[in-house]
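Coordinate analysis (summary)
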Amino acid sequence: LATLLTPKDLQGRRILVSAGPTHEDLDPVRFLTNRSTGKMGYALAQMARRRGADVCLVSGPSSLAAPLGVERLMVRSALEMQQVLLERFPETDALLMAAAVSDYRPASFAGQKIKRGGDEMIVRLTHNPDILQSLSSLKTRQVMVGFAAETEDIYTHARQKLERKHLDLIVANDVKALNSGFAVDTNQVTIIHRSGQVEPLPLLSKAAAADRVLDRLVALLDAPLV
Ligand code: CTP
Ligand code: CA
């Protein structure tokens, strides 16, 4: 019923959504990751589909079910996520980059389980590519939406990311706030526009927050190209 009552303002739009954490393998049994569960990205994919979009969801490891009618591609590491997003990006009208991509990965993968030994162990990490920034440099018509997970100076940091990654919108998230951020069903976000407009939203369900972000996306997709 919810689907029937939803206005189809994203009909005919192709939307690429990334969600979830990445797993960066150290050996066959261990990996580096973060607290993301995928809830915000999956909510965006689901609501975009309800509004009529053709949605491709590129998901890191997550226990969530694929939203109905959404094409889901599962990946594991940041490098895999980058490859799949690169393939799908040219045919996309908008990218919603909600994934919590690991900034680093183990510098080498041990083919066998690393054995214990010694009092201390040092793991060397190497930098992962900034997927969003690399896709922005390939942008033709795509509307680019980033997410910023912050614990302090949220606005300043998010604004810097919007500039650095050449985004149209950034959704800033205080991941330390109560009932907001990782693994919960609610979120308190602030939408920051390229124009400088700042829209703090109240604490909402992730589905409602996703809808608000999609409202802004519709406006940007409908705006004439400049
Ligand atoms: N992102 C990405 N590739 C990465 C890291 C982040 O595409 N290797 C994307 C995220 O999906 C998000 C945005 O960039 O949409 C901001 O991610 P965030 O982790 O908040 O910012 P970083 O630029 O990684 O900066 P930092 O972690 O130092 O705050
Ligand atoms: Ca990061």
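This text goes with the structure placed above it.
Here goes a summary of the coordinates provided. Just so we're clear, the structure is a prediction, and the values are computed from it rather than from any experiment.

**Structural notes on the packing of aromatic side chains**
- Using the criterion set out here, one finds 0 aromatic pairs in the structure.
- Here the guanidinium or amino end of Arg 76 rests over the ring plane of Phe 31, the centre of that ring lying 5.3 Å away.

**Thoughts on the packing of helix 2 (residues 39-50) against helix 6 (residues 206-222)**
- As a packed pair, helix 2 and helix 6 sit with axes 8 Å apart at the nearest point and diverge in direction by 60 degrees. The angle between helix 2 and helix 6 places the two elements in the oblique class. Viewed along their axes, helix 2 and helix 6 form a crossing whose handedness is right-handed. Facing Lys 39, Met 40, Ala 43, Leu 44, Met 47 and Ala 48 of helix 2, the residues of helix 6 in contact are Lys 206, Ala 207, Ala 209, Ala 210, Asp 211, Val 213 and Leu 214.
- By residue class, the composition of the contact of helix 2 with helix 6 is 10 nonpolar, no polar and 3 charged.

**Remarks on the coordination of the calcium ion (ligand 2)**
- The coordination sphere of the calcium ion (ligand 2) contains the protein donors Asp 103 (OD) and Asp 103 (OD), at a distance range of 2.3 to 2.7 Å.
- Along the chain, Asp 103 falls in the loop between strand 6 (94-97) and strand 7 (104-106).

**What to know about a nonpolar patch on the surface**
- On the surface, Leu 32, Tyr 104, Met 121, Val 123 and Leu 125 cluster together to form a nonpolar patch covering roughly 430 Å² of accessible area.
- Mapped onto the secondary structure, Tyr 104 falls in strand 7.

**Comments concerning the environment of Asp 185**
- Mapped onto the elements, Asp 185 comes out in the loop between strand 10 (169-174) and strand 11 (186-187).
- Its relative accessible area of 53% is what places Asp 185 among the exposed residues.
- Spatially, the C-alpha atoms of Asp 185 and Asp 9 are 25 Å apart, while their sequence positions differ by 176 residues.
- Non-local contacts of Asp 185, meaning those with residues more than four positions away in its chain, are made with Lys 39, Leu 204, Ser 205 and Lys 206.

Cut-off values and rules
- Residues numbered from 1 in each chain as written.
- Chains lettered and ligands numbered in written order.
- Predicted model: local features only at pLDDT ≥ 70, side-chain atom pairs only at ≥ 80, totals over all residues.
- Heavy atoms only, no water.
- Phe/Tyr/Trp six-rings, centres within 6.5 Å; stacked < 30°, edge-to-face > 60°.
- Lys NZ or Arg CZ within 6 Å of the ring centre and 35° of its normal.
- Axes fitted to C-alpha atoms, helices over the stretch in contact; angles between N-to-C directions.
- Helix = DSSP H or I, 4+ residues; strand = E, 2+ residues; numbered from the N terminus.
- Parallel < 35°, antiparallel > 145°, perpendicular 65-115°, else oblique.
- Left-handed = near helix turned anticlockwise from the far one by under 90°.
- Contact = heavy atoms within 4.5 Å.
- Nonpolar A, V, L, I, M, F, W, Y, C, P; charged D, E, K, R; others polar.
- Donors = N, O, S within 2.8 Å, 3.2 Å for Na, K, Ca; no water.
- Patch = residues over 30% accessible without salt bridge, like charges linked within 9 Å, V, L, I, M, F, W, Y side chains within 5 Å.
- Areas by Shrake-Rupley, 256 points an atom, 1.4 Å probe, with all protein chains shown as cover.
- Salt bridge = Lys/Arg side-chain N within 4 Å of Asp/Glu carboxyl O.
- Buried < 20%, exposed > 50% of the residue type's maximum accessible area, 1.4 Å probe, protein only.

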